[in-house]
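Chain by chain, the residues:
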Amino acid sequence: MTVESTAPAVTVPAARRRRPRLGWNATLTTGVCILGGMVLLSLVLGVFGRYAATDVSDSLLTGPSGSHWLGTDNLGRDLFTRTFGAARQSLLVAFGATTLAALIGIPIGLVAGYNARRLDAVLMAAMDTAMSIPSVLLALVLVSVFTPGLWVLIAGMGLIFVPYFARIVRAPALTVRERDFVSAARIAGVPTPVIIVRHVLPNVLSSALVQYANTAATCVLVEASLSYLGLGIQPPTPSWGRMIFEGQRYMKDAPLLVIVPGITLAIATAAFGLISDGLQEQLNPRGKRRTP
């Protein structure tokens, strides 16, 4: 005798997919706020500041006061104004050079990743050769050949960091080109440039954004190093590296001449680092930091 169960069937609801949070995390927000505040303050001082970065006076090597918040240097120039005037120059170099590198390097990485085999091998061999030479050494060669200046720094450093963008974009492009939606577009006869721009590019932008923040931080340090050696932004235009070099001889009497630009340089670099870490956490679906 067979007994049939009359208990109602229990339906197990399907598990809901957890959508990644789109809000900014604390790390990213902190980095953006620090960098944004630095940019805003440098622009406001450049337009509405009481002093110009190149104004000299008879108040030599004075300490902080109501008229000069951080004191003056050996030529009587306001240290506070010069520090954020240098921030304006350094960040302009960082954003300009990084943007130039991205505009050249991302298309190279997309083409190399989508068109495998021979073209990929040739492009990546050229990129690897360029990456094997230290960036500071390449920058030294470029500014030694051409007259040092703002636009020479932007152009030279932008070309130096092209291979880094090409490499970081090529890796995800190799994966995306094998996806079903790319294969379907290829079978449908969609032109290759359209496939790259419409389907491949959006899937590699997250890696490119993280690389952008890392490259900008490196550009700030390289610019400061070159200016310290006298091969970067030329006087009387302020630069953090040049300010540190000029303030060393007055370290005993006016230590702020070295401390202030040094700390500001470290803060700017740390802000880019926070943005990079925050982007990695934000753009990673699992919410974990990617290991290089």
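A few points about empty space enclosed by the protein
Applying the stated rule across the entire model yields two cavities of 30 Å³ or more. Of the voids in this model, the largest cavity is the one considered here, and its volume is about 100 Å³. Surrounding the largest cavity, Asp73, Asn74, Arg77, Leu79, Arg82, Met243, Glu246, Gly247, Tyr250 and Leu257 form its lining. Contributing elements (two or more residues each) for the lining of the largest cavity: helix 2 (79-114) and helix 10 (240-247). Element by element, the count of residues in the lining of the largest cavity is highest for helix 10, at three residues. Considered class by class, the residues forming the lining of the largest cavity number four nonpolar, two polar and four charged. Ala139, Leu142, Val143, Val152, Leu153, Gly156 and Met157 are the residues that line the second largest cavity. Contributing elements (two or more residues each) for the lining of the second largest cavity: helix 4 (135-145) and helix 5 (150-160). If you tally residues by element for the lining of the second largest cavity, the top one is helix 5, at four residues. Across the lining of the second largest cavity, the residue classes tally to six nonpolar, one polar and no charged.

What to know about unusual backbone geometry
The step from Pro235 to Pro236 runs through a cis peptide bond, and the omega angle for that step is 5 degrees. The topology assignment puts Pro236 in the loop between helix 9 (205-228) and helix 10.

Quick word on the pattern of salt bridges
Per the stated rule, a full pass over the model turns up seven salt bridges. Note that Asp120 and Arg170 form a salt bridge whose closest N and O atoms lie 2.7 Å from each other. Here Arg170 lies in helix 6 (residues 162-176) and Asp120 lies in helix 3 (residues 118-131), a separation of 50 residues in the sequence. By relative accessible area, Arg170 is classed as buried at 18%. Through salt bridges that share partners, Asp73, Arg77, Arg82, Arg242 and Glu246 make up one connected network.

A few points about the packing of helix 2 against helix 11 (residues 256-283)
Helix 11 packs onto helix 2 with a crossing angle of 35 degrees between their chain directions and a minimal axis gap of 11 Å. The way helix 2 lies across helix 11 gives a crossing that is right-handed. Note on element contacts: helix 11 touches helix 2 through Leu256, Leu257, Val260, Thr264 and Phe272, opposite Leu79, Thr83, Leu91 and Phe95. Here the residues of the contact of helix 2 with helix 11 sort into seven nonpolar, two polar and no charged.

Structural notes on the packing of helix 6 against helix 9
Packing of helix 6 against helix 9 brings their axes to within 9 Å, and their N-to-C directions diverge by 160 degrees. Here helix 6 lies roughly antiparallel to helix 9, going by the angle between them. Helix 9 is crossed by helix 6, and the crossing has right-handed handedness. Where helix 6 abuts helix 9, its residues Tyr164, Phe165, Ile168, Val169 and Pro172 lie against Ser207, Ala208, Gln211, Tyr212 and Thr215. For the contact of helix 6 with helix 9, the residue count by class is seven nonpolar, three polar and no charged.

Let's talk about a nonpolar patch on the surface
Taken together, the side chains of Ile34, Met251, Ile259, Ile263 and Ile267 define a hydrophobic patch exposed on the protein surface, amounting to about 380 Å² of accessible area. Here the nonpolar patch gets three residues from one element, more than from any other, and that element is helix 11.

Quick notes on the nonpolar core
Core analysis: the biggest nonpolar cluster contains 65 residues, and Met157, Val200 and Trp240 have the highest contact counts within it. For this core, the element with the most residues is helix 2, which contributes 16 residues. The contact partners of Val200, leaving out residues within four places of it in the chain, are Leu110, Tyr114, Ala173, Val176 and Ile195.

Conventions and cut-offs
- Residues numbered from 1 in each chain as written.
- Predicted model: local features only at pLDDT ≥ 70, side-chain atom pairs only at ≥ 80, totals over all residues.
- Heavy atoms only, no water.
- 1 Å grid on protein atoms, 1.4 Å probe; cavity = no way out; pocket = protein on both sides within 12 Å on 5 of 7 lines; lining within 4 Å.
- Points joined across faces, edges and corners; volume = space filled by probe spheres on them.
- Helix = DSSP H or I, 4+ residues; strand = E, 2+ residues; numbered from the N terminus.
- Nonpolar A, V, L, I, M, F, W, Y, C, P; charged D, E, K, R; others polar.
- Salt bridge = Lys/Arg side-chain N within 4 Å of Asp/Glu carboxyl O.
- Buried < 20%, exposed > 50% of the residue type's maximum accessible area, 1.4 Å probe, protein only.
- Axes fitted to C-alpha atoms, helices over the stretch in contact; angles between N-to-C directions.
- Left-handed = near helix turned anticlockwise from the far one by under 90°.
- Contact = heavy atoms within 4.5 Å.
- Parallel < 35°, antiparallel > 145°, perpendicular 65-115°, else oblique.
- Patch = residues over 30% accessible without salt bridge, like charges linked within 9 Å, V, L, I, M, F, W, Y side chains within 5 Å.
- Areas by Shrake-Rupley, 256 points an atom, 1.4 Å probe, with all protein chains shown as cover.
- Core = buried A, V, L, I, M, F, W, Y, C linked by side-chain atoms within 4.5 Å.

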